[in-house]
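One-letter residues, chain by chain:
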Amino acid sequence: MDFDLTEEQRLLKESLDRLIGDRYAFEQRKSYGQAPEGWSREVWAQFAELGLLGLPFAEKYGGSAGGPVETMIAMEAFGRALALEPFLATVVLGGGFLRHGGSADQCAAIIPKIADGSLTLAFAQTERHSRYDLADISTTARRDGTAWVLDGEKGVVLHGDTADKLIVTARVGGSQRDRDGVGVFMVDSKAAGLSRRGYPTQDGLRAAEIVFSGVRVGPEGVLGELGAASPLVERVVDEAIAALCAEAVGTMSAMHELTVDYLKTRRQFGREIGSFQILQHRAVDMLIALEQARSMAMFATMMASEEDAPVRRDALAAAKVQIGRSGRLVGQQAIQLHGGIGMTMEYKVGHYFKRATMIDTMFGDADHHLRELARRGGSVVAA
Amino acid sequence: MDLRFTTEELAFRDEVRAFFRSALPASIRDKLLANKGLAKNDIVTWQRILNKKGWAVANWPVEWGGTGWTPVQQYMFQEELQLTPAPQPLGFGVTMVGPVMIAFGSEEQKKRFLPRIANLDDWWCQGFSEPGAGSDLASLRTSAKRDGDHYVVNGQKTWTTLAQHADWIFCLVRTDPQAKKQEGISFLLIDMKTPGITVRPIVTIDGGREVNEVFFDDVAVPAENLVGEENKGWDYAKYLLGRERTGIARVGFSKERVRRIKELAAAERVGDKPLLEDERFREKLAAVEVELKALEMTQLRVVAAERNRVGNKPDPASSILKIKGSEIQQATTELLLEIVGPYALPYQPEHDEEERWNEPPIGPEWAGPIAPTYFNTRKVSIYGGTNEIQKNIIAKAILGL
């Protein structure tokens, strides 16, 4: 058992830290966010150059065959940077569907383009009524000859406004909340009948509401097993949860550092406010929440590749509970301890707070996962 | 990064588990499972079984009877003790005064005391806290005045755990009343049979008799019982308390508690279904399990970091073990209390060595110790440096505030 990074992983972390240092100062981030797409193509090209966009993929597709640890390293760095680029949407989610559900032809056609930065993806899953239930799908896919025709609406599709292709869950059988009868389709975002309404999210990223009306998908767009794709969806989402946990740890550690620095520099009543015990204890509470979250992000990373699906699901659910709770505490205290300056758009800490808050709403918040864990009689302790 | 245990580590764990299963007397295990107190003899018996196996002082250097195990193996040994559950070796000897003697004591002290600690021939207790020196430990006033080849000790210690069984007490005493308060303290070993020592029990809110007041009235202590240098006792105490913090998370213990909670809550009915299926109860339990898993991972991070550790600086993660570990222990006793429901009320003193209460149990046979355990477990966020003191330490040592 060890928590050490390998030499290659250490190098990856160092090059990421350098890139973030060079390209992701707070003011630079602001300018990327003001671009029409809401993120920087130039930075994306640098990610590709560094091999980040091929991290989890097989070498024959232009990847570097990394595992969950490499993804964790990247996501934690992106959390600290508050990176705006569609790494989660394209590499973790989109790439995850290809890795676990793609045929050799599909992988050969798509993955090299992900790795070289020329193609982005997004995962269109949430519907207005579905909240965090992955199987609650009313979008339908109807067979028409060898093709499939999609009808329905998807919402809050992260980076769905700029993605070249969308990975869409749709119902091919069963009723609205059945785990059976789910299909996953890869659709060109310029396909006829597909319309998108892009918008900024609270945390400075981008998302889209997407309408599918009679969108045709050929057989080459079917991912995984039609009608039995729920295990695929759950697996990819579990990997995304692990990645989000790492990103959240990045945001939390940044908030904690900023706050402790502020406590050491801000003076009131003739002394540093960090000399007040009540504020010291809050900073320690933040540290405890951060370290517990870091531990669970590591646990999530370890369990993301677990083959036993129920064990994996409980583990990732437990991690997401911890991340959600820690994120709340660290974020709220970071703002409180900064006082007024924490409330301003021009200061960094509030942006971390917003990202940490929004991470909780992605793929199940703390209450959702706690309820699910309790319902299943979770066995995280024994794991 | 590979968070799985190696095949060798798992084999080691199996070996430890198998030994504990076969060697621990069932009567002792049953008491621990039922949250009942152990008699002195139970603890001595188990310690001697461990000593025969060579595992009594696993954490010590090999030359003094230690095992030379890796940090992971040490962790597994502790974890298995707690999961079995088996008694912890008496900490005052094995994790406190023993390591202090090994680090700072004289050769004579080591030869004289260490083997007797390993075999629990000597029962040690800890004389740190005083009525006026709790969180502010350095303000202690028990004095030791040099008089020829003796120190003469006067004063009072309190919260002295299991002093009623003790043969020896290690004390922090003031040897230089003029010095700055941390700099006038020495670390003294005192035979409990010395004339002038009086032990008086303090009954805790659960009705238990774990802790005592110890009074010293002109107690003559041979000068050779001073550990290390005079007036350096505070450094030794800090060394000791630093070691105490890593053992204090008690993850295995809380895991065993969670198992017990599930067992009892599955048997206890609410209306037409087991309490374990009550949504609200289950969510509270799941929340504790998540915290516990996180703490386990944090503890493993600390264990893994031991290998790479330079000097005596604690890992930042280690400082949170005491705080989180105590909170989780308390949360598990709250859940147990909720399981019992109205049969938490009957006060049923424990069978102990001095005072036998031989009435048949009132209500479920397992209910008696539950409320007392809840009351008693409030102590875990107070002893070993309160959680608030821990936060002061973290703020200063780790955050630099």
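Residues numbered from 1 in each chain as written. Chains lettered and ligands numbered in written order. Predicted model: local features only at pLDDT ≥ 70, side-chain atom pairs only at ≥ 80, totals over all residues. Heavy atoms only, no water.

Another aspect to go through is the overall build of chain B. In terms of helices and strands, chain B carries 12 helices and 10 strands. When the backbone C-alpha atoms are referred to their principal axes, chain B occupies close to 75 × 55 × 45 Å. When the 401 residues of chain B are sorted by exposure, 51% land in the buried category. Within chain B, contacts between residues at least 6 apart in sequence are counted, and of these 72% link residues at least 24 apart. On chain B, roughly 18,100 Å² of surface is accessible, and the fraction owed to carbon and sulfur atoms is 51%. Of the side chains in chain B, 52 bear a positive and 56 a negative charge, and the two mean positions are spaced by 3 Å. (Helix = DSSP H or I, 4+ residues; strand = E, 2+ residues; numbered from the N terminus. Buried < 20%, exposed > 50% of the residue type's maximum accessible area, 1.4 Å probe, protein only. Contact = heavy atoms within 4.5 Å. Areas by Shrake-Rupley, 256 points an atom, 1.4 Å probe, with all protein chains shown as cover. Lys, Arg positive; Asp, Glu negative; His and termini not counted. Charge placed at Lys NZ, Arg CZ, Asp CG, Glu CD.)

This paragraph deals with the interface of chain A and chain B. Facing the 45 residues of chain A at the interface are 41 residues of chain B. Both sides together, the interface formed by chain A and chain B hides about 3,900 Å², and carbon and sulfur atoms give 67% of it. Counting across the chain A and chain B interface gives two salt bridges. Notably, a salt bridge pairs arginine 301 of chain B with glutamate 291 of chain A, separated by 2.5 Å at the nearest N-O pair. At the boundary of chain A and chain B, one finds 15 residue pairs in polar contact (both at pLDDT 80 or more). Elements that contribute at least two residues to the side of chain A that touches chain B include exactly helix H4 (68-81), helix H7 (230-265), helix H8 (277-303), helix H9 (309-338) and helix H11 (366-375) of chain A. Here the element with the most residues in the side of chain A that touches chain B is H8 of chain A; it accounts for 17 residues. In terms of residue class, the side of chain A that touches chain B is made up of 23 nonpolar, 12 polar and 10 charged. (Buried area = accessible area lost by both parts, 1.4 Å probe. Salt bridge = Lys/Arg side-chain N within 4 Å of Asp/Glu carboxyl O. Polar contact = N/O pair within 3.5 Å; in protein donor to acceptor, adjacent residues only side chain to side chain. Nonpolar A, V, L, I, M, F, W, Y, C, P; charged D, E, K, R; others polar.)

All right, on to the packing of H4 of chain A against H8 of chain A then. Residue and element names in this part refer to chain A. Orientation of H4 relative to H8, taken along the N-to-C sense of each, is 145°, at an axis distance of 9 Å. Contacts from Pro68, Val69, Met72 and Glu76 in H4 reach Arg294, Met298 and Thr301 in H8. Looking at the contact of H4 with H8 residue by residue, the class counts come to four nonpolar, one polar and two charged. (Axes fitted to C-alpha atoms, helices over the stretch in contact; angles between N-to-C directions.)

Residues and elements named next belong to chain B. Domain boundaries in chain B define domain 1 (7-89), domain 2 (124-232) and domain 3 (248-397). Distance between the C-alpha centres of domain 2 and domain 3: 31 Å. At the interface, eight residues of domain 2 touch nine residues of domain 3. Carbon and sulfur atoms make up 48% of the area that domain 2 and domain 3 hide from each other, which totals about 660 Å². On the surface where domain 2 and domain 3 come into contact, there are one salt bridge. In this structure, the salt-bridge partner of lysine 379 is glutamate 210, at a minimum N-O distance of 3.0 Å. Across the contact surface, domain 2 and domain 3 share three residue pairs in polar contact (both at pLDDT 80 or more). Taken together, the residues of the side of domain 2 that touches domain 3 sort by class into one nonpolar, four polar and three charged. (Domains from an automatic or database assignment.)

Enumeration according to the criterion identifies 47 salt bridges over all chains in this entry. Close ionic contact of arginine 4 of chain B with aspartate 2 of chain B constitutes a salt bridge, the shortest N to O distance being 3.1 Å. Because the salt bridges share partners, they merge into one network encompassing Glu76, Glu291 and Arg294 of chain A together with Arg301 of chain B.

Glancing now at a negative patch on the surface. On the surface, a cluster of negative charge is contributed by Glu108, Asp147, Asp149 and Glu224 of chain B. Among the secondary structure elements, aspartate 149 of chain B is positioned in the loop between strand E2 (143-147) and strand E3 (150-157). (Patch = residues over 30% accessible without salt bridge, like charges linked within 9 Å, V, L, I, M, F, W, Y side chains within 5 Å.)

With that settled, consider the packing of aromatic side chains. Geometrically, a pair of aromatic rings is defined through the distance of the ring centres and the angle of the planes. Residues and elements named next belong to chain B. One pass over the full model with this rule turns up 28 aromatic pairs over all chains. With a centroid separation of 5.1 Å and an interplanar angle of 75°, the aromatic rings of phenylalanine 19 and tryptophan 55 are classed as edge-to-face. In this pair, phenylalanine 19 sits in helix H1 (residues 7-23) while tryptophan 55 sits in the loop between helix H3 (40-53) and helix H4 (71-83), placing the two residues 36 residues apart along the sequence. In terms of burial, phenylalanine 19 and tryptophan 55 fall into one category: buried. Ring centres 5.4 Å apart and planes at 75° place the aromatic pair phenylalanine 113 and tryptophan 124 in the edge-to-face group. Placement of phenylalanine 113 in helix H6 (residues 107-118) and of tryptophan 124 in strand E1 (residues 124-127) is noted, with a sequence separation of 11 residues between them. For the residue pair phenylalanine 113 and tryptophan 124, the accessibility class agrees, reading buried in each case. Positioned above the aromatic ring of tyrosine 151, the side-chain terminus of arginine 146 is 5.3 Å from the ring centre. (Phe/Tyr/Trp six-rings, centres within 6.5 Å; stacked < 30°, edge-to-face > 60°. Lys NZ or Arg CZ within 6 Å of the ring centre and 35° of its normal.)

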